[in-house]
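An overview of the molecular structure
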Amino acid sequence: MTEEIGTTADGDLIINVGPQHPATHGVLHLVITLNGETIKKVEPHLGYIHRSIEKMCESLTYRQFSYVTSRMDYLSSHINNHACALIVEKGLQVEVPARAKYVRVILDELTRIASHELWWGAMAMDLGAFTPFFHAFRERESINDIMEETCGARLTMNYIVPGGLMQDIHPNFQKRVKDFISLYKSKIDEYDELVTGNIIFQNRMKGVGFISAEDAISFGMSGPAARGSGVNCDIRKLYPYGIYNQVQFDQVLETAGDSFARYMVRIREMKQSVSIIEQLIDNIPEGEFLAKTKVVLKLPKGEFYTRVETARGELGVYIVSEGATTPYRIKFRSPGFSNLSALDTMARGSKLGDLVAMMGTLDLVIPDIDR
Amino acid sequence: MWSFSNISSSIHHWLNESFSPTWAMIIEMVIAGVCIIGLFATLGLVLVLMERRVAAWMQIRLGPNRVGPKGLLQSAADTLKLLVKEGLTPNGADKFLFNFAPFIAMMVAMLLMAPIAFAKDFQLWDLNIGVLYISAVSSIMVISILMAGWASNNKYSLMGAMRSGAQIVSYELSAGFSILTIVVFTGSLNFNEIILSQTNGWWIFKGHLPAIISFVIFIIAVTAETNRAPFDLAEAESELTAGFHTEYSGMKFALFFLAEYINVFIVCAIGATLFLGGWMPFQIGNWQAFNHAMDYIPSSIWFFGKTFFLIFLIMWFRWTFPRLRIDQLLNLEWKYLLPISMLNLLLATALAILGWHF
């Protein structure tokens, strides 16, 4: 008996989705066992884009290491930097000026909107609709312009530093953000017309990729993917940082636990982000943008942990310090890694076509998973 | 008047005077063949460019606008690129079938052109069973896709081919039923007679509800049959990379690509012929002056106008809708479209027997 290459003993087909595949949006490698079109098992293989960021951070000073984190989840670089700044400020007991706090939260929320826009377009593209991608990028472009004007970069931004901001905001900042909000509000209904209300789209999403709240918790899922199952896990509400405790916003929760619920969480979250920005943009206080700190930063001996809510979920930064200028050990708890681990449970028994929809709603960024 | 029948009959007379009848026939066949290949290539180029411009227009961007005036030479440049590209055959592939499959796709597309009436008296083959011929020949298309998918020795290709097989075989049924509706109304399988029966009004207007229902079903079914989005499961870029033509490159890929566009053109031409009167001008009852003005528009413009309208419709679908899942696709056909089109055919037959259509 010769065994066919690429099949299991039961005669099921094994398919490699990735590392180069249009639906993985990066170098994710999924080994899928298929019975016809039905998925029996999904096994993610990681490591294709591992750059040992955590190890690199151990040889970088506390001022330097946040720059590397922009390359982790490149769609939430401001938020990653925010987390790094927060943990250094926590260790050094630095009080951040109010102006910096406001701008940080505005930038975080702009980043979140930009990330969700990209997710929306890419997910529609996974489902075979190309046009939404361009519509999403139209709005994302104006966020990128704001970012470019603020800190010179459009993707891997480095602006939030320990103690505040790298430099003061551009004089046009408030005006451009307001322009963006009015543009965005005029376009947001198009999203629902083009995708959300589409009958094919709803049939593809509803009842597909179900994960219960218990499973979501036990897999350590976080962010919009977990909130789609009704898990109360928004770090901005549970452990407020920055000035999130001073703004009014709702934690978006959906209870259905399927792909459509995760989709709706992100769509609604974008509207919440816009409302947060609206509350803050006119009230940015005058004053310093950077607290006075020592030239060489040294965290006291001990262990530190902070967490922030990125566009994908909970990003935790854990530092063990020996009192030197560089961290002794650093560990990032990235949201994508835990969210990906739930994919197997979600996908079993569904069709191959649904797998891309599930991966879309998990909003995977591969450099975030591998670091 | 410069009508195609005058031109063709003068060529016919001249050839018969100059050569023996056998040679005259052979030369006529060659001329027709060259015309078809010319039309084929031109249509391919025009449709690819049109698709890209329509897509760009829907996606708030400009589309190709660099090569030639307003980007008109873009598809010619693309063809040149594909011509000089290496046509790779994978190691594990069945070499003969792998290389043969694209030619079947092309052959089917070319064969389908034969009975279509492009303008008044401009038809390559006035076949008395034109409709049957089209339905029969278009089913051969699935063989080329299955062959390509199986011979590639690639799992994605195989899955794409299997999906495509299930899909085309299913949707052929409702496409056939919706075509039959018109056949029942006209009582003829001949394209020319079907067009002539629409002198006093197109079937979509004359045939009441059944004609409209079958038109809608026809458009859905042929979109699926030509593997166009939202029914492009055989290719399904985000799931199967490129489906059945994953392993194809260069000109072999281009043949599939071209065949797809030609098929779109053909099904739209059939749709225009059956439901929208082919090359018949648009006429309203007793409005003599209006009807007369409409008659002045050449019949080829009527035909291509209607066909390109339907092509635009199908492109519009492609750039608006997400893709269906395979089980939803088959559900749509077997649970909805097929029963509806069967009932619709009964209704149409009743109408035709009672003579209730105009």
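In this report, the structure presented in the accompanying data block is examined.

The rules behind each value
- Residues numbered from 1 in each chain as written.
- Chains lettered and ligands numbered in written order.
- Predicted model: local features only at pLDDT ≥ 70, side-chain atom pairs only at ≥ 80, totals over all residues.
- Axes fitted to C-alpha atoms, helices over the stretch in contact; angles between N-to-C directions.
- Helix = DSSP H or I, 4+ residues; strand = E, 2+ residues; numbered from the N terminus.
- Parallel < 35°, antiparallel > 145°, perpendicular 65-115°, else oblique.
- Left-handed = near helix turned anticlockwise from the far one by under 90°.
- Contact = placed C-beta atoms within 7 Å.
- Nonpolar A, V, L, I, M, F, W, Y, C, P; charged D, E, K, R; others polar.
- Buried ≥ 20, exposed ≤ 12 C-beta atoms within 10 Å, placed from the backbone.
- Pairing = 2+ DSSP bridges.

1. Structural notes on the packing of helix α11 (residues 259-281) of chain A against helix α14 (residues 352-362) of chain A
Residue and element names in this part refer to chain A. Put simply, α11 and α14 touch, their axes get as near as 9 Å, and they point 30 degrees apart. Between α11 and α14, the crossing angle belongs to the class labelled roughly parallel. Crossing handedness for the pair α11 and α14: left-handed. Where α11 abuts α14, its residues Ser 259, Arg 262 and Tyr 263 lie against Ala 357, Met 358 and Thr 361. For the contact of α11 with α14, a count of residues per class yields three nonpolar, two polar and one charged.

2. Overview of the pairing of strand β2 (residues 29-35) of chain A
Residues and elements named next belong to chain A. Side chains of β2 alternate between two faces, with Leu 30, Ile 32 and Leu 34 buried and His 29, Val 31, Thr 33 and Asn 35 left unburied. Pairing analysis gives five bridges linking strand β1 (residues 13-17) to β2, with the strands arranged antiparallel. Counterpart to Ile 14 in the pairing with β2 is Thr 33. Here β2 runs beside strand β3 (residues 38-45); their pairing, made up of seven bridges, is antiparallel. Across the sheet, Val 31 pairs through a bridge with Glu 43, a residue of β3. Linking β2 back to β3 in an antiparallel pair, the connection comprises two residues, with Gly 36 at a positive phi of about 70 degrees.

3. Focus on the sheet that holds strand β7 (residues 314-321) of chain A
In any sheet, the strands associate via hydrogen bonds between backbone groups, in a parallel or an antiparallel arrangement. Residues and elements named next belong to chain A. In spatial order, the strands read β6-β7-β8; together these three strands make up an open sheet with antiparallel pairing. The sheet is open, and its two borders are formed by β6 (302-309) and β8 (329-333), each paired with just one other strand. Along the sheet, successive strands turn relative to each other by an average axial angle of 10 degrees, direction set aside. Here helix α3 (residues 77-92) sits on the sheet in contact with β6 and β7, set at roughly 145 degrees to β6.

4. Digging into unusual backbone geometry
Excluding glycine, residues mostly have negative phi values, and the peptide bonds linking residues are mostly trans. Backbone geometry at A:Ser52 places phi at a positive 45 degrees, although glycine is not the residue there. Look at A:Ser52 and you get exposed, because 10 C-beta atoms sit within 10 Å. Positive phi values are uncommon outside glycine, yet B:Asn227 reaches one of about 60 degrees. Note that B:Asn227 resides in the loop between α10 (208-225) and α11 (237-240).

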